[in-house]
Amino acid sequence: MDDIALNKSTAETETATLYGGKTFSNWESCEAFLSEWAKKQGFRMIKDRVFREKNIVRRRTFICDHGRNYDSNSSKDTASKKLKCPFLVNVSYPKTKNPRDLVFVNKVVENHNHALNREMIEFEESKKFTKEMIDDIRFMTVSCKFGATSQRRFLENKYPLHPIYSKDLYATISKFRPMQNSLSNDASQVSNWLDQQKELDSRWYVA
Ligand SMILES: [Zn+2]
């Protein structure tokens, strides 16, 4: 039904362990696995260094998002500068001696210098807007010129099970705001859209 639930169940059916020597059929499935795996452990994995050969990714390092490079130019307050998290995964896609054309996990350093928090990651994931919600927000912002209060009321009615936080809503609305200066606001398009929404949810009325 919704993407998050689908991704979760797909990942559950795969072997949920990460180890040196694990293989994947391509980079996409490798990255999808690593991202889901990390979230289950309670952190986020991000892409770090990459080595390409003729546009083909041959090696890539994935790190914890606490392992990101901080601005090393700032000389002040060195003592309080956080140490980078040492977690890393090295993955390769060898050109030779790779008859099955696989992507290999070469090395896993499973150490973190901070607490892992699966609940926090799950909470952040749960409040992410779905693609359908983002499409609605885009339309309400760009074509309808609705403010946050109307949008929130609409979203709460249409997606009663989805938590909606003002901060996330404002951030999403502001992403679409710059497009507002195009004055191609087609009134009939807006009213068609509103009619469609009313059919979907009879509790939604436009005053
Ligand atoms: Zn970490």
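The protein chain carries the name 9856_t:CDS:1 in an unreviewed UniProt entry, which gives Scutellospora calospora as its organism.

Chemist: Explain the overall build of the protein chain to me, using residue names and the numbers behind them.
Modeler: Per the secondary structure count, the protein chain includes 7 helices and 5 strands. Secondary structure of the protein chain in N-to-C order comes out as α-β-α-β-β-β-β-α-α-α-α-α. Looking at the protein chain residue by residue over its 207 residues, the buried ones come to 11%. Across the protein chain, every contact between residues at least 6 apart in sequence was considered, and the portion connecting residues at least 24 apart equals 58%.

Chemist: Kindly report on the confidence of the model for the protein chain, identifying the contributing residues and their values.
Modeler: Residues at a pLDDT of 70 or more form 77% of the protein chain, whose mean pLDDT is 83. By mean pLDDT, helix α1 (residues 3-13) is the weakest element of the protein chain at 48, and strand β4 (residues 88-92) is the strongest at 98.

Chemist: With reference to specific residues and values, describe the pairing of strand β3 (residues 56-64).
Modeler: For strand β2 (residues 45-53) and β3, the ladder comprises 7 bridges, and the chain directions are antiparallel. From the neighbouring strand, Phe51 faces β3, where its bridge partner is Arg59. Hairpin connection, β2 to β3: the antiparallel pair is bridged by 2 residues, and Lys54 has positive phi, about 50°. Direction of pairing for β3 relative to β4: antiparallel, over a ladder of 5 bridges. In the strand pairing of β4, Thr61 is matched with Asn90.

Chemist: Can you lay out the sheet that holds β4 for me, pointing to particular residues and giving the numbers?
Modeler: Backbone-to-backbone hydrogen bonds pair the strands of a sheet. The strands run either parallel or antiparallel. In space, the 5 strands of this open sheet follow the order β1-β5-β4-β3-β2, with antiparallel pairing throughout. Since the sheet does not close on itself, it has two edges, and those belong to β1 (23-24) and β2, each with one partner. In this structure, β4 lies alongside strand β5 (residues 103-109), joined through 5 bridges in antiparallel fashion. Following the sheet pairing, Val89 is matched in β5 by Val108.

Chemist: Go over the packing of helix α5 (residues 148-158) against helix α6 (residues 166-176), please, and point to the residues and values.
Modeler: How two helices sit against one another is set out by the angle between their axes and by the gap between those axes. Between α5 and α6, whose axes approach to 11 Å, the crossing angle comes to 115°. Considering the angle they form, α5 stands roughly perpendicular to α6. α6 is crossed by α5, and the crossing has right-handed handedness. When α5 is examined against α6, the residues Ala148, Gln151 and Arg152 are found in contact with a partner set consisting of Leu169, Tyr170 and Ile173. Residues belonging to the contact of α5 with α6 are distributed by class as follows: 4 nonpolar, 1 polar and 1 charged.

Chemist: Can you break down the nonpolar core residue by residue, with the values?
Modeler: Residues Leu34, Met45, Phe62, Cys64, Val89 and Val91 are the most contacted members of the largest nonpolar core, which totals 14 residues. Listed by contribution, the elements that provide at least two residues to this core are α2 (27-41), β3, β4 and β5.

Chemist: A description of the pairing of β5 should follow, citing residues and the corresponding values.
Modeler: Across 2 bridges, the pairing between β1 and β5 is antiparallel. The partner of Phe24 across the bridge, within β5, is Val103.

Chemist: Explain α2 to me, using residue names and the numbers behind them.
Modeler: Helix length check: α2 (15 residues) gives 21 Å between terminal C-alpha atoms against 21 Å at 1.5 Å per residue, within 8%. Buried residues of α2: Cys30, Leu34 and Ala38, and no others. Projected down its long axis, α2 shows its buried positions confined to an angular sector of 60°, all on one face. Contact partners of the buried residues in α2: β1, β2, β3, β4 and β5. After α2 finishes, the residue Gly42 shows a positive phi value of roughly 110°.

Chemist: Quick rundown of the environment of Glu122? Include the residues and the values.
Modeler: Locating Glu122 in the fold gives a position in helix α3 (residues 118-126). In this structure the C-alpha to C-alpha distance between Glu122 and Lys40, which are 82 residues apart in sequence, comes to 8.3 Å.

Chemist: Describe the environment of Asn90, naming the residues involved and giving the relevant values.
Modeler: Relative to the helices and strands, Asn90 is located in strand β4. Looking at Asn90, the number of C-beta atoms within 10 Å reads 17, which means it is partly exposed. A C-alpha to C-alpha distance of 9.7 Å links Asn90 and Asp48, two positions 42 residues apart in sequence. In this structure, Asn90 is in contact with Thr61, Asn106 and Lys107, ignoring residues within four places of it in sequence.

So, how was this worked out
- Residues numbered from 1 in each chain as written.
- Predicted model: local features only at pLDDT ≥ 70, side-chain atom pairs only at ≥ 80, totals over all residues.
- Helix = DSSP H or I, 4+ residues; strand = E, 2+ residues; numbered from the N terminus.
- Buried ≥ 20, exposed ≤ 12 C-beta atoms within 10 Å, placed from the backbone.
- Contact = placed C-beta atoms within 7 Å.
- pLDDT = per-residue confidence, 0-100.
- Pairing = 2+ DSSP bridges.
- Axes fitted to C-alpha atoms, helices over the stretch in contact; angles between N-to-C directions.
- Parallel < 35°, antiparallel > 145°, perpendicular 65-115°, else oblique.
- Left-handed = near helix turned anticlockwise from the far one by under 90°.
- Nonpolar A, V, L, I, M, F, W, Y, C, P; charged D, E, K, R; others polar.
- Core = buried A, V, L, I, M, F, W, Y, C linked by C-beta atoms within 7 Å.
- Expected span 1.5 Å × (residues − 1).
- Arc of directions from axis to C-beta.

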